[in-house]
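# Inside the fold
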Amino acid sequence: MTAVRTRPLKDFAVAGGLVGGPLGSRLAKRDFVPEGVPVIRGQNLAGGGYFSSAGLVFVPAGRADDAFARHLAVPGDLVLTQRGTLGQVGIVPAGIHDRYLLSPAQARIRVDPDRADVRFLYYCLSDPGMVALIRSRAVTTRVPRVTPDILGDLPVPARPLPEQRAVAEILGALDDKIAANERTAETCLELASASFAAAPAGPPQRLGQVAELHDGPHATPVKTASGPWFLSISSLDAGRLDLAASAHLSEEDFASWTRRVRPRADDVLFSYETRLGHAALMPPGVRACLGRRMALLRAKNPETGGALLLHAYLSPVFQDEIARRSVHSTTVDRLPLGDMPSWPLPLPAMGERAGLSARLDALHASAAQTAAESRTLAALRDTLLPGLVSGRLQVGDAARAAEEAG
């Protein structure tokens, strides 16, 4: 197949459409206010394939439209990180805010719709090869950074618009299914939390009466590109395990790192240092070892199953217990694991536990199933992406693979 020729990224932007965020001290934390124009920061592009509106900060609307007018982004714009974690990219979403302000670490590309499909450019810039190229061109003094000029010179496959749209449709369909799964999982977990909160309370029991506590390793193995998971406390995400924030280790290290304990389905994983109060349920079908600063709780009987134990751990009552009993030092805050089995754990009345535990288990099983499906779809998307954007993979072949997976 003839290689697809490339054109610089700036050729696909409208006039003046490629700009960076306000430089220097023109935008600082002291400028943030409770309401106004939201500021796009790196964390809003760090969601592994989508734009996140979580944690937005704001500047006064008047100042954004006056002093920072040149650095605004609107729905449909591409935003890239130009300083810090290079390679992050997202499309500004519609239906939330009508305009955003770039932080100094971000750049914006306003795409000419007669020259390019913005979703196609998004996938081009998400290609691992392109991310590596961006990082190779960065100025690495202290914090890695690229300029808008460097970004504008990036080589992008010059595919005809119909081909661009076809590629974007295939990859976008996979991402849409992943997003739908995300919403399903969130709904399941919200229902589980509401069910636990509504259950009649029983007398608290000591944590050690209902669960075993196991500590994880106190070191970090050599990380590998594949293999069993080496879990990270960053993967503990609002009651579930986000493996995107974890790493892999070799089979040899896995045997060593699971001598003390090997996590199994329905264990409650939690952090005992730094991210105190965070916990997640171990999903089925995942081979993993605990990471540093992690421990687990294992239910002693089915009436107090893993999901029930998790929601008791995340309950406001137990979270207050964690805050009250945490050990504070000049380096890190930590939980005294040796004392935890004696802590009171809020649980439903005894006659309610079996039925509630079954309902919570079913909801968490549904969330885990959608998460596993999303991992499969994400792996397929990541496999198809480089060949599709470059033209090495035929659209029809990729479409068939996507249909079989969906």
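About the thresholds
Residues numbered from 1 in each chain as written. Predicted model: local features only at pLDDT ≥ 70, side-chain atom pairs only at ≥ 80, totals over all residues. Heavy atoms only, no water. Core = buried A, V, L, I, M, F, W, Y, C linked by side-chain atoms within 4.5 Å. Buried < 20%, exposed > 50% of the residue type's maximum accessible area, 1.4 Å probe, protein only. Helix = DSSP H or I, 4+ residues; strand = E, 2+ residues; numbered from the N terminus. Contact = heavy atoms within 4.5 Å. Pairing = 2+ DSSP bridges. Phe/Tyr/Trp six-rings, centres within 6.5 Å; stacked < 30°, edge-to-face > 60°. Axes fitted to C-alpha atoms, helices over the stretch in contact; angles between N-to-C directions. Parallel < 35°, antiparallel > 145°, perpendicular 65-115°, else oblique. Patch = residues over 30% accessible without salt bridge, like charges linked within 9 Å, V, L, I, M, F, W, Y side chains within 5 Å. Areas by Shrake-Rupley, 256 points an atom, 1.4 Å probe, with all protein chains shown as cover. Salt bridge = Lys/Arg side-chain N within 4 Å of Asp/Glu carboxyl O. Lys, Arg positive; Asp, Glu negative; His and termini not counted. Charge placed at Lys NZ, Arg CZ, Asp CG, Glu CD.

So, on to the nonpolar core. Among the nonpolar cores identified, the biggest contains 38 residues, and L78, I109, L121 and L125 are the most heavily contacted of them. Of all elements in the fold, only β6 (78-81), β9 (106-111), α2 (118-126), α3 (128-136), α5 (161-198), α10 (350-390) and α11 (395-405) reach the threshold of two or more residues within this core. Residues contacting I109, with those up to four places away along its chain left out, are L9, A13, G17, L18, D77, L78, L80 and L125. The next biggest cluster of nonpolar side chains, apart from the first, holds 35 residues, and it includes F196, L207, L276 and L310.

Burial within strand β20 (residues 294-299) is extensive, with five of its six residues counted as buried. As judged from the five bridges shared by strand β12 (residues 211-215) and β20, these two strands associate in the antiparallel manner. Within β20, the position partnered with A211 by the bridge is A299. In this sheet, β20 lies alongside strand β17 (residues 268-271) in antiparallel orientation, the contact comprising four bridges. If you follow F270 over to β20, its bridge partner there is A295.

What follows deals with the packing of aromatic side chains. A complete count under the given rule lists four aromatic pairs for this structure. An angle of 70 degrees between the planes, with centres 4.9 Å apart, marks the rings of Y122 and Y123 as edge-to-face. As far as burial versus exposure is concerned, Y122 and Y123 are alike and both buried. Here the aromatic cluster, defined as three or more aromatic residues joined through ring pairs, consists of F270, Y313, F318 and W343.

The next thing to look at is the sheet that holds strand β2 (residues 13-20). Taken in spatial order, the four strands of this open sheet run β2-β9-β6-β7, and their pairing is antiparallel. The open sheet terminates on both sides in strands that have one partner only, identified here as β2 and β7 (89-91). Shown here is a sheet whose adjacent strand axes are inclined to one another by a mean of 15 degrees, direction ignored. Across the sheet, α2 touches β6, β7 and β9, and the angle it forms with β7 is around 165 degrees.

This brings us to the packing of helix α8 (residues 306-314) against α10. The interhelical angle for the contact between α8 and α10, taken along N-to-C directions, is 90 degrees, at an axis separation of 7 Å. Looking at the two axes, α8 sits roughly perpendicular to α10. Contacts between α8 and α10 involve A307, L308, L310 and H311 from the former and R353, L356, S357, L360, D361 and H364 from the latter.

Quick look at a negative patch on the surface now. On the surface, a cluster of negative charge is contributed by E186, E190, D237 and D242. One can find D237 in strand β14 (residues 236-237). Overall, D237 belongs to the partly exposed group, its relative accessible area being 33%.

What follows concerns unusual backbone geometry. In this structure, T274 takes a positive phi of about 65 degrees despite not being glycine. Inspection of the secondary structure assignment puts T274 in the loop between β17 and β18 (279-281). You can call T274 partly exposed: its relative accessible area is 37%. Positive phi is not limited to glycine here, since R293 has a value of about 65 degrees. Mapped onto the elements of the fold, R293 is located in the loop between β19 (288-289) and β20. You can call R293 partly exposed: its relative accessible area is 27%.

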